[in-house]
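# A look at the structure
If you want the building blocks of each chain, they are given just below.
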Amino acid sequence: MVEIKNYCKSIKSRPILNNVSYNFEYGKIYGIYGHNGSGKTMLLRAIAGLLVPDSGSVVIDGKVLHKDMSFPPSIGIVIENMNLLPQYNAFDNLKILGKIKKTATDEDIKTALERVGLKSDLKVKKFSLGMKQRLNIAQAVFEKQKIILLDEPTNALDNDGVQLIYKLLKEEKERGALVVITTHHKEDLEEICDVVLKMTEGELHEK
Ligand SMILES: Nc1ncnc2c1ncn2[C@@H]1O[C@H](COP(=O)(O)OP(=O)(O)OP(=O)(O)O)[C@@H](O)[C@H]1O
């Protein structure tokens, strides 16, 4: 379980996450919607260990982030400005990333690329925005990560792409992963999410 406990973070004296408390469970898809600047991305960064709280904590499987561990041990994340390697194709990008943990086989990489509908052997520098988004999503699932955090993962995708990613996320949930997805549009979430949450000015509430 991922427990967020009284999490507070201000940047330049402005509250960005305001006393957020919530328990996220494995085997569920959570959707978070809210206006621009409401704190959705910051919440994902907090869970990923990319943000240090002013007070409060994130506890993952009983271990406190930044105390018992620096980062969650099994996390896939899609946020803005992901660092793909432009001179390599999709397979090689994942192969290089996979060298850190050494858990994913070539077959795992091929399967992840098939699941996001990426068949191209082009170098990433020739990818469209939607193709990059698909590769980022493949990157977040190819090592069978336990926690999958996706910041507006379908905004550059065509309709077929959106349906493909929704199918993939449902499969990840069935596998037992915890999936958190953000969007500006609540209606996008209701199709696939078990729980829909609203972020308003750094506060998180159940719908
Ligand atoms: N690097 C930063 N320095 C200072 N403030 C920041 C920084 N990044 C984000 N913020 C502020 O944190 C608040 C929350 O931003 P966040 O990116 O989490 O919003 P969001 O809900 O994801 O918005 P969007 O829907 O536009 O992606 C905003 O007020 C934003 O201005």
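Just so you know, these numbers come straight off a predicted model, no measurement behind them.

About the criteria used
- Residues numbered from 1 in each chain as written.
- Predicted model: local features only at pLDDT ≥ 70, side-chain atom pairs only at ≥ 80, totals over all residues.
- Near = placed C-beta within 6 Å.
- Helix = DSSP H or I, 4+ residues; strand = E, 2+ residues; numbered from the N terminus.
- Nonpolar A, V, L, I, M, F, W, Y, C, P; charged D, E, K, R; others polar.
- UniProt positions renumbered as here; feature names shortened; annotations may be inferred.
- Buried ≥ 20, exposed ≤ 12 C-beta atoms within 10 Å, placed from the backbone.
- Pairing = 2+ DSSP bridges.
- Axes fitted to C-alpha atoms, helices over the stretch in contact; angles between N-to-C directions.
- Contact = placed C-beta atoms within 7 Å.

Here we take up the site of the ligand. All residues in the neighbourhood of the ligand are listed as Ile11, Ile16, Gly34, Asn36, Gly37, Ser38, Gly39, Lys40, Thr41, Met42 and His184. Tallying contributions element by element places helix α1 (residues 40–47) first for the shell around the ligand, with three residues. For the shell around the ligand, the class distribution of residues is three nonpolar, seven polar and one charged.

Sequence positions flagged by UniProt for "domain: ABC transporter" (unreviewed entry) are, in local numbering, residues 2–207. Helix makes up 32% of residues 2–207 and strand 29%, with an end-to-end C-alpha separation of 19 Å.

Among the five residues in strand β3 (residues 29–33), five count as buried, and that is most of the element. Side chains Ile29, Gly31 and Tyr33 project from β3 onto one buried face, and the interleaved Tyr30 and Ile32 project onto a second face that is buried too.

Taking strand neighbours across the sheet as the criterion, the six strands line up as β6-β7-β8-β3-β9-β10 in an open arrangement whose pairing is mixed. Strand pairing shows two members of the sheet lacking a second neighbour, β6 (75–78) and β10 (203–206), which therefore form its edges. When the angles between neighbouring strand axes are averaged without regard to direction, this sheet yields 20 degrees. Both β6 and strand β7 (residues 147–151) contribute to a ladder of four bridges, which runs parallel. Pairing of Ile77 across the sheet is with Leu149, part of β7. α1 contacts β3, β6, β7, β8 (178–183), β9 (195–200) and β10 of the sheet and is inclined by roughly 155 degrees relative to β7. Helix-sheet contacts for helix α5 (residues 159–175) involve β3, β7 and β8, and the interaxial angle to β8 is about 150 degrees.

For Lys102, which is not glycine, the phi dihedral falls at a positive 60 degrees. Structurally, Lys102 is set in the loop between α2 (90–101) and α3 (106–115). Judged by local crowding, Lys102 falls into the exposed class, with 8 C-beta atoms found within 10 Å. With a phi angle near 55 degrees, Lys144 is a residue other than glycine that sits in the positive phi range.

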